[in-house]
There are 2 protein chains.
Amino acid sequence: MRKAFHEELDRVTEALVEMTRLASSAMSRATTALLDADVQLAESVIGADVEIDALREELDLLSFDLLALQQPVATDLRMVVTSMRMSSDIERMGDLARHVAKVARLRYPSSAVPPELRSIILEMGQVAERIVTKAGSVIAARDVEAARQIERDDDAMDDLHRQLFERLASDSWDHPAETTVDITLVGRYYERFGDHAVSVARRVIFLVTGEQSAESESSHEDVEDDEAFPETTTP
Amino acid sequence: MRKAFHEELDRVTEALVEMTRLASSAMSRATTALLDADVQLAESVIGADVEIDALREELDLLSFDLLALQQPVATDLRMVVTSMRMSSDIERMGDLARHVAKVARLRYPSSAVPPELRSIILEMGQVAERIVTKAGSVIAARDVEAARQIERDDDAMDDLHRQLFERLASDSWDHPAETTVDITLVGRYYERFGDHAVSVARRVIFLVTGEQSAESESSHEDVEDDEAFPETTTP
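Residues numbered from 1 in each chain as written. Chains lettered and ligands numbered in written order. Predicted model: local features only at pLDDT ≥ 70, side-chain atom pairs only at ≥ 80, totals over all residues. Heavy atoms only, no water.

Caption draft 1: Representation of the overall build of chain A within the structure. Scanning chain A for helices and strands turns up 6 helices and 0 strands. Along chain A, from the amino end to the carboxyl end, the secondary structure elements read α-α-α-α-α-α. Taken across its 235 residues, chain A has 62% of its residues classed as buried. The contacts in chain A between residues at least 6 apart in sequence include a share of 81% that link residues at least 24 apart. As presented, chain A carries roughly 8,800 Å² of accessible surface, and 50% of it is formed by carbon and sulfur atoms. (Helix = DSSP H or I, 4+ residues; strand = E, 2+ residues; numbered from the N terminus. Buried < 20%, exposed > 50% of the residue type's maximum accessible area, 1.4 Å probe, protein only. Contact = heavy atoms within 4.5 Å. Areas by Shrake-Rupley, 256 points an atom, 1.4 Å probe, with all protein chains shown as cover.)

What follows is the structure in structure tokens.
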């Protein structure tokens, strides 16, 4: 029974890691599609999201069966419940990559990103990829050190998000409102992508160490996403 | 044992309903704070979000104990797992109300909402309140008919969201980029608030009827939020 349980739990972990790989690929390709106004690439990201959704569904059924048939307690139970929450986070990361791809598709044949913002968006894409790849290792190896790095990587994302908003609020910003809307939404998608990775990291830290993250009252809690607004847009 | 289990489950339901009440009050007050540039009201919404977070934490611990100590199976297990997911949705609704309040606070003593958009924002706030109140009844009474109404109410929200974006993309829109950013984000907060209520509704429909909602492959899945972008902003 115990052996079977741990084999099943290994399958859950593998599926979670596979989800992070798909989310990483999706966000990386979405960023390229956005910057290069590549509508075929955008379509492929949009179409591929069903794979992440399907994996999530499979994972949730597996977790449900584990609860029903194996009736785990203590740490084992916590691992199953945490896995269900992580699958929800990663599935959402896939949605956010799809959202970025949709903005690319909407503005084709133009790029939604004006030339002077390309480097910031490129960097947000790179940080996103780094974060989700690290989230995969954190899940696979229960690597608490890598989990803590994700929080720092997400600080870099928040900083880029702030920079983006500074540009929108600056006097030199003279693009149409449509572009302002695009950049506002795209910026938020990257930022939320980072938040969900932090959420995954905190859940693993809690599983391994029992420690609540300093920033959250409870590891169960979603990442605060306290950046309703980067402060720099204050008048 | 069974009696104790169902008493505990009633406590879970009550806590979920209480969370919807708090989220409703938060979004209603956040809308007023935003429209009236009432910074004290905004602060009270921002401060009150900890209550929703605390209820969520309490609920999650209770659900975890139910799983560990009562080892429910079949429908009972599904109810506990679904409750954990609903608490996550409603907690997020509270965050979104707080985000709206933060935009109000950021622009004080001005209002973030230009006069010509007041009626749309007011209506989004009213739909949000109607939706979350209905979500409370749906949870309390397992009312499938009310759950289906939530999907329709959310269509009204999506329609308002589209109208908002039409205004931003119109030639007559001549506000600074900062205002465009504010309205883009606020619009998204209301729209996501509605999505989470739909997610709650679908989970209840699935619990009661075993039916998957037409729009989602799985009731486990979060609402698709396919509106990365209201289509009307297409050039």
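Caption draft 2: Representation of the confidence of the model for chain A in the model. All names here are of chain A. Counting all residues, the mean pLDDT for chain A is 91, and 89% of those residues have values of 70 or more. A low-confidence stretch, residues 214-222 stays under pLDDT 50, and its non-local contacts, those more than four residues away or across chains, total 27 contacts. Residue range residues 231-235 is modelled with pLDDT below 50. Its contacts to residues more than four positions away, or to other chains, number 13 contacts. (pLDDT = per-residue confidence, 0-100.)

Caption draft 3: Highlighting a negative patch on the surface. All names here are of chain A. Negative charge collects at one region of the surface, where Glu123, Asp155, Asp159 and Glu166 lie side by side. No other element matches the 3 residues that helix H5 (residues 144-169) contributes to the negative patch. Considering the arrangement of structural elements, one finds Glu123 in helix H4 (residues 118-141). For Glu123, a relative accessible area of 41% gives the class partly exposed. (Patch = residues over 30% accessible without salt bridge, like charges linked within 9 Å, V, L, I, M, F, W, Y side chains within 5 Å. Salt bridge = Lys/Arg side-chain N within 4 Å of Asp/Glu carboxyl O. Lys, Arg positive; Asp, Glu negative; His and termini not counted. Charge placed at Lys NZ, Arg CZ, Asp CG, Glu CD.)

Caption draft 4: Quick peek at helix H1 (residues 2-36) of chain A. The terminal C-alpha atoms of H1 of chain A lie 51 Å apart, and with 35 residues this matches the ideal 51 Å at 1.5 Å per residue to within 8%. Positioned one or two residues after H1 of chain A, Ala37 of chain A has a phi angle of 50°, which is positive. (Expected span 1.5 Å × (residues − 1).)

Caption draft 5: Quick look at the environment of Asp155 of chain A. Mapped onto the elements of the fold, Asp155 of chain A is located in helix H5. C-alpha separation for the pair Asp155 of chain A and Gly194 of chain A, spaced 39 residues apart in sequence, amounts to 9.0 Å.

Caption draft 6: Inspection of the side chain of Ser63 of chain A at higher detail. In this structure, Ser63 of chain A sits in helix H2 (residues 39-70). Classification of Ser63 of chain A as buried rests on a relative accessible area of 1%.

Caption draft 7: Quick look at the nonpolar core. By size, the foremost hydrophobic cluster in this structure holds 158 residues, and its most contacted members are Leu34, Ile121 and Tyr190 of chain A together with Leu34, Ile121 and Tyr190 of chain B. Setting aside its immediate chain neighbours within four residues, Tyr190 of chain B contacts Met27, Thr31, Leu34, Val100, Ile121, Met124, Gly125, Ala128 and Met157 of chain B. (Core = buried A, V, L, I, M, F, W, Y, C linked by side-chain atoms within 4.5 Å.)

Caption draft 8: A look at the pattern of salt bridges. Residues and elements named next belong to chain B. In the structure shown here, the tally under the stated rule is 38 salt bridges over all chains. The shortest N-O distance in the salt bridge between Arg192 and Asp195 comes to 3.1 Å. You can see Arg192 and its partner Asp195 sitting in helix H6 (residues 177-209), 3 residues apart, about one turn around the helix. The class for Arg192 is buried, based on a relative accessible area of 10%.

Caption draft 9: Examining the packing of helix H4 (residues 118-141) of chain B against H6 of chain B more closely. All names here are of chain B. The contact between H4 and H6 brings their axes to 10 Å, and the two run at 20°. Classed by the angle they form, the pair H4 and H6 counts as roughly parallel. Relative to H6, the crossing made by H4 is left-handed. Side by side, H4 and H6 meet where Ile121, Met124, Gly125, Ala128, Ile131, Val132, Ala135, Val138 and Ile139 of the first sit next to Val186, Gly187, Tyr190, Phe193, Gly194, Ala197, Val200 and Val204 of the second. Partitioning the contact of H4 with H6 into residue classes produces 14 nonpolar, 3 polar and no charged. (Axes fitted to C-alpha atoms, helices over the stretch in contact; angles between N-to-C directions. Parallel < 35°, antiparallel > 145°, perpendicular 65-115°, else oblique. Left-handed = near helix turned anticlockwise from the far one by under 90°. Nonpolar A, V, L, I, M, F, W, Y, C, P; charged D, E, K, R; others polar.)

Caption draft 10: Expanded view of helix H3 (residues 74-107) of chain A. Relative to the 50 Å expected for 34 residues at 1.5 Å per residue, H3 of chain A spans 51 Å between its end C-alpha atoms, a close match to the ideal helical length. In terms of burial, H3 of chain A is a largely internal element, 29 of the 34 residues being buried.

Caption draft 11: Layout of the packing of aromatic side chains. All chains considered together, the criterion is met by 0 aromatic pairs over all chains. One cation-aromatic arrangement involves Arg78 of chain B over Phe64 of chain A; the distance from NZ or CZ to the ring centre is 4.3 Å. (Phe/Tyr/Trp six-rings, centres within 6.5 Å; stacked < 30°, edge-to-face > 60°. Lys NZ or Arg CZ within 6 Å of the ring centre and 35° of its normal.)

Caption draft 12: Spatial organisation of unusual backbone geometry. All names here are of chain A. Omega for the peptide link from Tyr108 to Pro109 comes to 10°, which places this bond in the cis form. Even without being glycine, Ala37 reaches a positive phi, approximately 50°. Relative to the helices and strands, Ala37 resides in the loop between H1 and H2. Of the residues examined, Ala37 reaches a relative accessible area of 13% and is grouped as buried.

Caption draft 13: Main features of the packing of helix H1 (residues 2-36) of chain B against helix H2 (residues 39-70) of chain B. Residues and elements named next belong to chain B. Packing of H1 against H2 brings their axes to within 9 Å, and their N-to-C directions diverge by 165°. Taken together, the axes of H1 and H2 are roughly antiparallel relative to one another. The two elements H1 and H2 cross, and the hand of that crossing is left-handed.

Caption draft 14: Spotlight on the environment of Asp10 of chain A. Residues and elements named next belong to chain A. Secondary-structure assignment places Asp10 in helix H1. On the basis of relative accessibility, which here comes to 46%, the residue Asp10 falls in the partly exposed class. As a C-alpha pair, Asp10 and Ala140 span 130 residues in sequence and 9.2 Å in three-dimensional space.

Caption draft 15: Looking closely at the environment of Ala112 of chain A. Residues and elements named next belong to chain A. Mapping Ala112 onto the fold places it in the loop between H3 and H4. Distance in space between the C-alpha atoms of Ala112 and Asp182 is 6.6 Å, their sequence separation being 70 residues. Those residues within four positions of Ala112 in sequence are excluded, and the remaining contacts are Leu34, Val103, Arg107, Thr179, Asp182 and Ile183.

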